[in-house]
Amino acid sequence: MEELLSDFLAEANEQLDQVERQIVQFEKDPSDANCIASIFRLVHTLKGTSGFLDLTRLEKLTHSAETLLGRARDRGRASPEQVSLILQTIDSIQEIIGELADHGAEPPGDDSALIGELEAAARNTEDPVASTESSEPVASCAEDAPEAPPRAEAPTSVSPATGPAANAAKPETSHQPAREPGSIRVTIGILERIMRLVSELVLTRNQLIDLSSKATDTAISAPLQRLSAITSDLQDSIMQARMQPIDRLFASLPRMVRELTIDLGKQANLVVEGSDTELDRQLIDHIRDPLMHLIRNCLDHGIEPPDERIAMGKPAHGLVRVTAAQDAGFISIKIHDDGRGIDVARVREKAAALGLTDEAQLASMSNDEVCRFIFAPGFSTARKVTHVSGRGFGMDVVRENIESIGGTVSLTTVYGQSTTFTLKVPLTLAIIPALIFSVGSFRFAIPQDSVVEAVACHDGDRSRLSTVQGRTVFRLRDHVLPVADLSRICRLDPEDNDEDHRNKLAIVTRIGAVNFAMAVDELADVQEIVVKPLSSPLAHLDIFAGNTILGDGSVVLIINPVGLAASIGLDSTKQYSVSSSESTESYRKDATNFILFRAGGQVQKALPLSLLSRIEEVAITDIVDSDGQKLLKHNGMIMPVVMLVEPDGQRETWPVLVVGVGGEPMGLVVSEIVDTIEHSLEIDIAGRTAAVIGSTTMRGEVTEILDLTHYMQSARPDEFARKHAHRFRLLIVDDKLFFRDMLAPIIAAAGYEVNTAASAEDALSLIRKNRFDAILTDVDMPDVNGYELAKSVREIASYEKTPIIALDAFAGEEVVKAAKMAGMTGVIGKFDRKALISILHSSLSATAFNRSAIESSMSKGDAA
Amino acid sequence: MTAAGRQQVESADAFTIRKPPMRPLPARQVFTIEIAGNWFGIPIDKVRTVFRANSITPVPMAPKAVAGLVNVRGQVLTAIYLATYLGLKQKSQNGTFLLVGVEHRDENFGFIIDAAGNILDIDETDRVLIPGSQSEYRHILPLPTYQVGDMLLPLLDIDTVLSSLRTAIAAPERS
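Since we're looking at a predicted model, the values are computed, not measured.

Chemist: Explain the overall build of chain A to me, and be specific about the residues and the numbers.
Modeler: Along its length, chain A carries 27 helices and 37 strands. A burial count over chain A gives 54% of its 864 residues as buried. Partitioning the intrachain contacts of chain A with sequence separation of at least 6 by distance along the chain shows that 68% fall at a separation of at least 24. For chain A, the exposed area adds up to about 37,600 Å²; of that, 51% sits on carbon and sulfur atoms.

Chemist: Any chance you could break down the overall build of chain B for me, citing the residues and the numbers?
Modeler: Across its full length, chain B carries two helices and twelve strands. Each helix and strand of chain B, ordered N terminal to C terminal, gives the series β-β-β-β-β-β-α-β-β-β-β-β-β-α. Counting across all 175 residues of chain B, residues that qualify as buried make up 46%. In chain B, of all internal contacts separated by at least 6 residues, the share reaching a separation of at least 24 is 65%.

Chemist: Tell me about the confidence of the model for chain B, and name the residues and values.
Modeler: All names here are of chain B. Residue-level pLDDT values for chain B average 73, and 69% of them are 70 or greater. At the level of individual helices and strands, chain B shows its lowest average pLDDT in strand β1 (residues 15-16), which scores 44, and its highest in strand β8 (residues 107-113), which scores 89. Taken together, the stretch residues 1-25 has pLDDT below 50 and engages in 51 contacts with residues farther than four places along the chain or on a different chain. Across residues 169-175, confidence stays below pLDDT 50; counting only partners more than four residues off in sequence or on other chains, it has 14 contacts. For this predicted complex, the interface confidence reaches an ipTM of 0.74, while the overall pTM sits at 0.45.

Chemist: Give a description of the sheet that holds strand β8 (residues 431-439) of chain A that names residues and reports values.
Modeler: Residue and element names in this part refer to chain A. Pairing within the open sheet is mixed, and its five strands lie in the order β18-β8-β9-β20-β19. This sheet does not close on itself; its edge strands, each paired only once, are β18 (522-530) and β19 (544-549). Pairwise comparison of adjacent strand axes, ignoring direction, gives a mean angle of 35° for this sheet. Both β19 and strand β20 (residues 555-559) contribute to a ladder of five bridges, which runs antiparallel. Along β20, the bridge assignment pairs N547 with L557. Across the face of the sheet, helix α8 (residues 188-214) comes into contact with β8, β18 and β19 while running at roughly 150° to β18.

Chemist: Mind laying out the sheet that holds strand β7 (residues 418-426) of chain A, listing which residues take part and the relevant values?
Modeler: Within a beta sheet, neighbouring strands are joined by backbone hydrogen bonds and run either parallel or antiparallel to one another. All names here are of chain A. Judged by pairing direction, the sheet is mixed, and its five strands sit side by side in the order β2-β4-β5-β7-β6 without closing on themselves. Both edges of this open sheet fall to β2 (268-273) and β6 (408-414), since each of them pairs with a single strand only. Between one strand axis and the next, the sheet turns by 15° as a mean value, whatever way the strands run. Each of β2 and β4 (318-327) touches helix α11 (residues 253-264); the most contacted strand, β2, lies at about 165° to it.

Chemist: Please provide a residue-by-residue account of unusual backbone geometry, values included.
Modeler: Residues and elements named next belong to chain B. A positive phi angle is found at A36, which is not glycine, with a value near 50°. Relative to the assigned elements, A36 resides in the loop between β2 (28-35) and β3 (38-43). On the basis of relative accessible area, A36 is assigned to the partly exposed category, the value being 22%. Positive phi is not limited to glycine here, since M61 has a value of about 70°. As for its placement among the helices and strands, M61 is situated in the loop between β4 (47-53) and β5 (66-72).

Chemist: Requested: an account of the packing of aromatic side chains, with residues and values cited.
Modeler: All names here are of chain A. Applying the stated criterion to the full structure yields four aromatic pairs over all chains. Each ring, one from F444 and one from F544, has its centre 6.0 Å from the other, and the planes form 15°; the classification is stacked. A residue pair is termed long-range when its members are at least 10 positions apart, and F444 in strand β9 (residues 442-447) and F544 in strand β19 qualify at 100 residues. With a relative accessible area of 1%, F444 lands in the buried category. Positioned above the aromatic ring of Y799, the side-chain terminus of R771 is 4.6 Å from the ring centre.

Chemist: Describe the pattern of salt bridges, naming the residues involved and giving the relevant values.
Modeler: Two side chains carrying opposite charge are able to pair once their charged atoms lie near each other. Residue and element names in this part refer to chain A. Tallied over the full model, the rule gives 16 salt bridges over all chains. The shortest N-O distance in the salt bridge between R321 and E273 comes to 2.8 Å. Taken together, the residues R321 in strand β4 and E273 in strand β2 connect sequence positions 48 residues apart. The class for R321 is partly exposed, based on a relative accessible area of 29%. What you see here is one network of salt bridges that share partners, running through E304, R309, K314 and D338.

Chemist: Describe the nonpolar core, and please don't skip the residues or the numbers.
Modeler: Membership of the largest hydrophobic core comes to 71 residues, with the highest contact counts inside it found for F437 and M518 of chain A together with I33 and L156 of chain B. Here this core takes five residues from α8 of chain A, the largest share from any one element. Setting aside residues no more than four positions away along its own chain, L156 of chain B makes contact with I33, F40, G41, I42, P43, L82, Y85, L86, L143 and V161 of chain B. Formed by 51 residues, the second largest nonpolar core is a distinct cluster that contains F250, L283, M292 and I331 of chain A.

Chemist: Residues and numbers for the environment of V645 of chain A, please.
Modeler: All names here are of chain A. For V645, the position within the fold is in the loop between β26 (637-643) and β27 (653-661). Along the primary structure V645 and S671 are separated by 26 residues, whereas in three dimensions their C-alpha atoms are 6.4 Å apart. Ignoring anything within four residues of it in the chain, the contact list for V645 reads A599, G600, W654, V669, V670 and S671.

Chemist: Quick one: what's the story with a nonpolar patch on the surface, residue by residue and with numbers?
Modeler: Residues I184, V186, I190 and I194 of chain A make up a contiguous nonpolar surface patch of roughly 370 Å² in combined accessible area. By the element assignment, V186 of chain A lies in the loop between α7 (170-174) and α8.

Chemist: Talk me through helix α12 (residues 281-302) of chain A; I want residue IDs and the actual numbers.
Modeler: Residues and elements named next belong to chain A. If you check α12, its first and last C-alpha atoms are 30 Å apart, about what 22 residues at 1.5 Å a residue would give, namely 32 Å. Bending of α12 peaks at approximately 40° at the position of I287, with proline P290 no more than four residues after it. The element α12 is extensively covered by neighbouring structure, given that 16 of its 22 residues are classed as buried.

Chemist: Explain helix α9 (residues 221-242) of chain A to me, and be specific about the residues and the numbers.
Modeler: All names here are of chain A. Its 22 residues give α9 an end-to-end C-alpha distance of 31 Å, which sits within 8% of 32 Å, the value for a rise of 1.5 Å per residue. When α9 is considered as a whole, its buried residues turn out to be L224, S228, T231, Q235, I238, M239 and R242. For α9, the arc enclosing every buried residue in end-on projection is 105°, short of the 170-degree limit, so these residues lie on one face. For α9, the exposed residues lying more than 90 degrees away from the buried face are P223, Q225, R226 and D233.

Chemist: Talk me through the side chain of S275 of chain A; I want residue IDs and the actual numbers.
Modeler: Residue and element names in this part refer to chain A. Mapping S275 onto the fold places it in the loop between β2 and β3 (278-280). Its relative accessible area of 12% is what places S275 among the buried residues. Excluding residues that lie within four positions of it along the chain, S275 makes contacts with P245, I246, D247 and F250.

Chemist: Would you mind going over the environment of N401 of chain A in detail, with residue names and values included?
Modeler: By the element assignment, N401 of chain A lies in helix α17 (residues 395-404). Sequence separation between N401 of chain A and I287 of chain A is 114 residues; the distance between their C-alpha atoms is 7.5 Å.

Chemist: Can you break down the pairing of β19 of chain A residue by residue, with the values?
Modeler: Burial of β19 of chain A is extensive: five of the six residues sit out of reach of the surface. The turn joining β19 of chain A and β20 of chain A, which pair antiparallel and follow one another in sequence, is formed by five residues; a positive phi near 90° is taken by G553 of chain A.

Chemist: Outline the packing of helix α23 (residues 760-769) of chain A against helix α24 (residues 786-795) of chain A, supporting the account with residue identities and numerical values.
Modeler: Residues and elements named next belong to chain A. Direction vectors running N to C along α23 and α24 enclose 20°, while the axes themselves pass 10 Å from each other. If you check the angle between α23 and α24, you find them roughly parallel. The way α23 lies across α24 gives a crossing that is right-handed. Touching A760, A763, L764 and I767 of α23 are L789, S792 and V793, all from α24.

Chemist: Please provide a residue-by-residue account of the pairing of strand β13 (residues 465-468) of chain A, values included.
Modeler: All names here are of chain A. Two strands pair when backbone bridges link them, and β13 and strand β14 (residues 471-476) are joined in this way by four bridges, in the antiparallel orientation. By the bridge assignment, V468 is partnered in β14 with R471. Counting the residues between successive antiparallel strands, the hairpin from β13 to β14 contains two residues, one of them, Q469, with a positive phi of roughly 50°.

Thresholds applied
Residues numbered from 1 in each chain as written. Chains lettered and ligands numbered in written order. Predicted model: local features only at pLDDT ≥ 70, side-chain atom pairs only at ≥ 80, totals over all residues. Heavy atoms only, no water. Helix = DSSP H or I, 4+ residues; strand = E, 2+ residues; numbered from the N terminus. Buried < 20%, exposed > 50% of the residue type's maximum accessible area, 1.4 Å probe, protein only. Contact = heavy atoms within 4.5 Å. Areas by Shrake-Rupley, 256 points an atom, 1.4 Å probe, with all protein chains shown as cover. pLDDT = per-residue confidence, 0-100. Pairing = 2+ DSSP bridges. Axes fitted to C-alpha atoms, helices over the stretch in contact; angles between N-to-C directions. Phe/Tyr/Trp six-rings, centres within 6.5 Å; stacked < 30°, edge-to-face > 60°. Lys NZ or Arg CZ within 6 Å of the ring centre and 35° of its normal. Salt bridge = Lys/Arg side-chain N within 4 Å of Asp/Glu carboxyl O. Core = buried A, V, L, I, M, F, W, Y, C linked by side-chain atoms within 4.5 Å. Patch = residues over 30% accessible without salt bridge, like charges linked within 9 Å, V, L, I, M, F, W, Y side chains within 5 Å. Expected span 1.5 Å × (residues − 1). Bend = angle between axes of the 7 residues up to and from the residue. Arc of directions from axis to C-beta. Parallel < 35°, antiparallel > 145°, perpendicular 65-115°, else oblique. Left-handed = near helix turned anticlockwise from the far one by under 90°.

As structure tokens, then:
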């Protein structure tokens, strides 16, 4: 009897999951006769087994549910009330089954009220008129839905409750997880025990291999090899046995979406794809909460109410698409909604208010980067906390949960259009391949998934490690990576810096889209390791993910790359984007000409060449102190100079970079001109001082890109407002002084009159007072962004056709789309001087000669 | 690979404490341990093994009283310097450590001790009250003390020891 009961319980839970899903499906698509028949069968089986096992409460409940389902089957439809009632019954049944599992007997209780309702509902269906009256449209089936209801043989053409179905969701119902013949049911406990034993076996095998490598006797090597192969096979098989289709997790989604949409007064179709993707059952439990939260979030904050959607020209039904797929040792789960997207401006506001970063840094961050702040603790952009998603389980917890299993979460969003969250989780947690390395007397393991490559720290005589602005960085090809100094974390004696042994290698590690390097002494091995958690007094150490026993019996700590990155200040809210790497790619194509020079210190410096008017070689005696500043007398004129280097007596002449801003020159005294090169303006490490925008690698050397505005402000504080008289008048809107000052001279030099504004507000007041022939605006500004500015400008009379060009550091596809939506004429990369001038030239000539040509020339400009 | 990097663990002379048969307890049973010349009792029901380890894998940034991790027959124990917890100065261990393995809330710990004693019965009536509330050890409350034969034996509560580690998680200063 015991065994029968436990079989029944396991089966019943499975069947109830199916019933739950199928009844929601049937509600949407009553034409699916198979669906209702299958529900009926499942409940009928439950009833039969309950009767056999003398479970009277269950038997009565299932009997009443069966009656109602029978009627629904005969009529080919079910009203929302009936569906809700069935779902309610399923809850009661599940409750009883839960008790049954715990105590072996049905709990006492009275179901007569529910049974009464079920019976009443069943009677109601006998009377078509009554049924019609009680039927109201379901949240997911609106009258205004575009397609006609694919209704089948419903005898009476009545309620709109039999509305259109999410056709895409259909394959889901056709998925019948019926048990295949030849399968048996094994309790999880046994599987777990086998898994543990296999883990120990793997360790023992590793130990044996280690011993045999030292032994001189070769006789054991052949059987050991066999043992090794068999162990690996066994490990794979048991892993396979633990794998479960993610459908187990997805099965509960339709009901959840149904109930939430009703609760929230919204309409949404759920599409589930890839539900047969398999992953470790342990992981399924770990991703359940994050997944549920993200879907709740989609429905609550993403999908708009129907009237709002219609007003925006979207279908009244929102779409929530959940896709699972296996992707090179990882499972990726995408949760996509076509709702309102994330308002980046508000995220910015909030990030600043919460003090997550300083204003300057925030201002320089792209929208995608800013979006990642929503994973920061205590961050919720919803102005109104709703009971659905505002329940303290925030995005930070989603991130934490996913990270705790070695996964990542990222998002992409288009404001007003869609949001896609991507979860990436490993296939299994139990045994992972790891790289073993040593630092001083310590050995560590790091999951191999996160290792990109290991590179020697020395390239011939040249060290790839260098110190810039007080941080150790590693130069790798075109990149400058921050370095996690494990020897400091391990408190190794810094004096003991025996160059021969220390920091010989750098392990380049990737978390999300961010790379960093760990300086290590030696690589020891690659091993399959069994991850064991750290005990509670050590659990707070985020830089470690756990420990493991190696083949030689020693215990080593497993590095947690995410925690280690956080310990060196890689902002964890910035790490989780798949999109950032893509946008970097598109951005990289835009090359800028730089002048490379040296001026004191080790590090090479650079300025965009476009900012310079010429380079002079001047005698040091021509520079004089006057009125608190340095002035250079040269060729009969004087200009203020900034000494980037303190000239010593060694040389008589020094190079001076002459910068012409607004026609008034200033000079920068440097020690040596290196070269000019074409390079992407890609800042790997943001600057810490006002004079430095950031650092990157040029010509294989760490290079600081200087902020010219910093020097200009000290040398020529009054030159920013200069006016030029030219034919076309342009307005540049950018909250960053650097870009205004960088762009203004470029455009002025091309023959245009230029005005600048530091915010959308300033811009609008200027636009109302003056007539501009074109507006260039940064898209990414605090308060009011460029898109909103463009919309406001379009509303001003006489500005309907004025070219409005979006400026963005990354002129990515999403920016182009959003700009088009906002009525902007085109998008251009901020550093693409040539394209900027040519787009201005072509669009303004078009303004003069043929307005209709604007659009076409602009779209050509996009490609530039 | 530096020689010190090998964290060999030897568990050959580990032995398991045989638990006495359960009987209606007139007294509690404690296992006695010596740390820096002081004897303490720990509840026998928590004790699993006494073993020697040749080396312990240190854990960077761990609380001061955590010595590191030890492998005992395929299980990883967190080794604790009880002396550090008690504010005592432990004898030098000559590179090999004597530990008493305890299980606490499904986790395994090893307390580093100088010597293992034996199993003693203690009775609540043997409890001696020492006037005054000052502990001889810096930061912990006075331990309940029992008269066993002619010895006064303070009783360590494992829960208190371990939870103090969890709360005092400041990283140790560089020394």
